[in-house]
Amino acid sequence: MYSRRKFLTTTALATAGLGLAACRDAAQAGGVGAAPAAPSSEAVSGALNTRLVPSTGERVPVIGMGTSGSFEVGQSAAELDPLREVLKRFFAAGATLIDTAPTYSVAEDVMGALLAEQGLTSKAWLATKLSGVTGREAGMAQFEDTLRRLKTDKVALLQVHNLGDLKTQMAVARELKAQGKVKYVGVTHYVERAQDELADVVQAEKPDFLQINYSVASRGAEKRVLPLAQDLGVAVLINRAFEDGKLFAQVKDKPVPEALADAGVTSWAQAFLKFALSHPAVTAVIPATGKPDRQSDNLKAGTGPDLTPAQRDVLIAALA
């Protein structure tokens, strides 16, 4: 996988069953080496755009963040200090949505500790998953452990990860929703070959949220999943908007198209995120990064207008 950070190889990740697949879900924050257009460290100007969650009418900021890879770190200051700044910039810009999973090795532990340390737990819109478990008791136990690790008593969104043990874990998620420990339930996947199955599940289960991969280079979700979400009133989170960093390699040494300037785009990262956000079914994107300047750059994609159809075509052509 390409990423803008170094992935840790841990025993927990290696034995998590879905651990390697989990890394692909939220880790979207660029390619190995420097990105073609250097991210800006300037603060985000203007409020982040927000979009409605159809099932409740709640508004959430369009830029969220993932934790796979980026928050799978040790306890040294060199590893934690950049993440403190990543979170500081994230919340200062008005962002709140954080997507994680118990199978992202230590990500939930690190995120929970850093949010508590900075007094941000109550401000965070936390999304996590039932991941790699089978059976009701295992699902319930995993969720309770997640609450402990995140240092909270509830989360905003609980998703059945990669449709694993779907019927049982959806029932678990809905039971927890009825108890008030979860506000929304959802389903996830991260590859195009699973999108028809995901669409079938969404049609049958009508969850509050779905999470799927979508990018300028992988537009399969446009065929069925995204139109179905619009029709059914299901909120959509987008993972892999950077194709695990591979998009940055494709545009290396290329300037950002001038045609995107009217949308306020000043970097390739912003262009790729705005592409995903410009589909009307999409609620938010969740790029992951452990680098503060890249966090600021990603957040800028959440301000200003969406890409027009013509601008989307320009971006598609630039990757051709």
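Summarised in this report is the structure supplied together with it. (Residues numbered from 1 in each chain as written. Predicted model: local features only at pLDDT ≥ 70, side-chain atom pairs only at ≥ 80, totals over all residues. Heavy atoms only, no water.)

It is worth spelling out the overall build of the chain at this point. The helix and strand tally for the chain stands at 12 helices and 10 strands. Scored against the burial criterion, the 320 residues of the chain give a buried share of 59%. Taking contacts inside the chain between residues at least 6 apart in sequence as the whole, the part at least 24 apart equals 79%. (Helix = DSSP H or I, 4+ residues; strand = E, 2+ residues; numbered from the N terminus. Buried < 20%, exposed > 50% of the residue type's maximum accessible area, 1.4 Å probe, protein only. Contact = heavy atoms within 4.5 Å.)

On to the nonpolar core. In this structure, Leu-87, Ile-98, Val-187, Leu-210, Trp-268, Phe-272 and Leu-315 are the most contacted members of the largest nonpolar core, which totals 85 residues. Broken down by element, this core gets its largest block of residues, eight residues, from helix α10 (residues 268-277). (Core = buried A, V, L, I, M, F, W, Y, C linked by side-chain atoms within 4.5 Å.)

The next thing to look at is helix α5 (residues 136-150). Across its 15 residues, α5 extends 21 Å between first and last C-alpha, which sits within 8% of the 21 Å expected from 1.5 Å per residue. Of all the positions in α5, only Gly-139, Met-140, Gln-142, Phe-143, Thr-146, Leu-147, Arg-149 and Leu-150 are classed as buried. Against the buried residues of α5 lie α4 (107-117), β5 (125-130), β6 (155-160), α6 (166-178) and β7 (182-188). In the stretch just after α5, Lys-151 is the one whose phi turns positive, near 60°. (Expected span 1.5 Å × (residues − 1).)

Now for the pairing of strand β9 (residues 235-239). Looking along a regular strand, one sees the side chains alternate between the two faces of the sheet. Counting buried positions along β9 yields five of five residues, so the element is predominantly enclosed. Every second residue of β9 is oriented toward a common face, with Ala-235, Leu-237 and Asn-239 on one face and Val-236 and Ile-238 on the other, all of them buried. Relative to β9, strand β8 (residues 209-213) runs parallel, the two being bridged by five bridges. Paired with Phe-209 across the strands is Ala-235, a residue of β9. A crossover connection joins β8 to the parallel β9 through helix α8 (residues 225-232); in handedness this β-α-β unit is right-handed. (Pairing = 2+ DSSP bridges. Right-handed = clockwise from strand over helix to strand, strands pointing away.)

What follows is about the pairing of β7. Summarising burial for β7: six of the seven residues are buried, a large majority. In this sheet, β7 lies alongside β6 in parallel orientation, the contact comprising five bridges. By the bridge assignment for β7, Val-155 is matched with Val-182. In the classification by handedness, the crossover that spans β6, the intervening α6 and the parallel β7 is right-handed.

As a further point, take the pattern of salt bridges. This model, assessed by the stated rule, comprises 19 salt bridges. Among the salt bridges present, the one from Arg-89 reaches Glu-85, with a minimum N-O distance of 2.9 Å. Of the two residues, Arg-89 and Glu-85 both sit in helix α3 (residues 77-92), four residues apart, roughly one turn of that helix. Between Arg-149 and Asp-109 there is a salt bridge whose closest N-O contact spans 2.8 Å. (Salt bridge = Lys/Arg side-chain N within 4 Å of Asp/Glu carboxyl O.)

Note on placement: Gln-311 falls in helix α12 (residues 309-318). Under the relative-accessibility criterion, Gln-311 is labelled buried at 8%.

Before going further, it helps to examine the sheet that holds strand β3 (residues 65-66). Spatially, β3-β4-β5-β6-β7-β8-β9-β10 is the arrangement adopted by the eight strands of the open sheet, whose pairing is parallel. Each having just a single partner strand, β3 and β10 (284-285) make up the two edges of the open sheet. In this sheet, β10 lies alongside β9 in parallel orientation, the contact comprising two bridges. Each bridged residue has a counterpart across the sheet, and for Leu-237 the counterpart in β10 is Ala-284. Relative to the sheet, α5 contacts β5, β6 and β7, its axis offset from that of β5 by approximately 150°. Its contacts with the sheet place α6 against β5, β6 and β7, and it is angled at close to 165° to β7. (Axes fitted to C-alpha atoms, helices over the stretch in contact; angles between N-to-C directions.)

We now examine the packing of α10 against α12. Contact geometry of α10 with α12 gives a least axis separation of 11 Å together with a crossing angle of 120°. Considering the angle they form, α10 stands oblique to α12. When you trace α10 past α12, the crossing you get is left-handed. Contact with α10, carried on its side by Trp-268, Ala-271, Phe-272 and Phe-275, involves Arg-312, Leu-315, Ile-316 and Ala-318 of α12 and no other residues of that element. Looking at the contact of α10 with α12, its residues break down into seven nonpolar, no polar and one charged. (Parallel < 35°, antiparallel > 145°, perpendicular 65-115°, else oblique. Left-handed = near helix turned anticlockwise from the far one by under 90°. Nonpolar A, V, L, I, M, F, W, Y, C, P; charged D, E, K, R; others polar.)

This brings us to helix α7 (residues 195-205). Since the α-helix turns once every 3.6 residues, residues separated by three or four places project in the same direction. Buried within α7 we find Gln-195, Leu-198, Ala-199, Val-201, Val-202 and Glu-205. End-on view of α7: buried residues confined to an arc of 160°, all on one side of the axis. If you follow the buried residues of α7, they end up packed against α6, β7, β8 and α8. Within two residues after α7, Lys-206 carries a phi angle of roughly 50°, on the positive side. (Arc of directions from axis to C-beta.)

Moving on, we come to the packing of aromatic side chains. Summed over the entire model, instances satisfying the criterion amount to nine aromatic pairs. Each ring, one from Phe-90 and one from Phe-91, has its centre 5.4 Å from the other, and the planes form 85°; the classification is edge-to-face. Accessibility assignment for this pair places Phe-90 and Phe-91 in one class, buried. Joined through ring pairs, the aromatic side chains of Phe-242, Phe-248, Trp-268 and Phe-272 make up one cluster. Over the ring of Phe-275 we find Arg-312, and its NZ or CZ is 4.0 Å from the ring centre. (Phe/Tyr/Trp six-rings, centres within 6.5 Å; stacked < 30°, edge-to-face > 60°. Lys NZ or Arg CZ within 6 Å of the ring centre and 35° of its normal.)

Remember, this is a structural readout, not a statement about activity or role.
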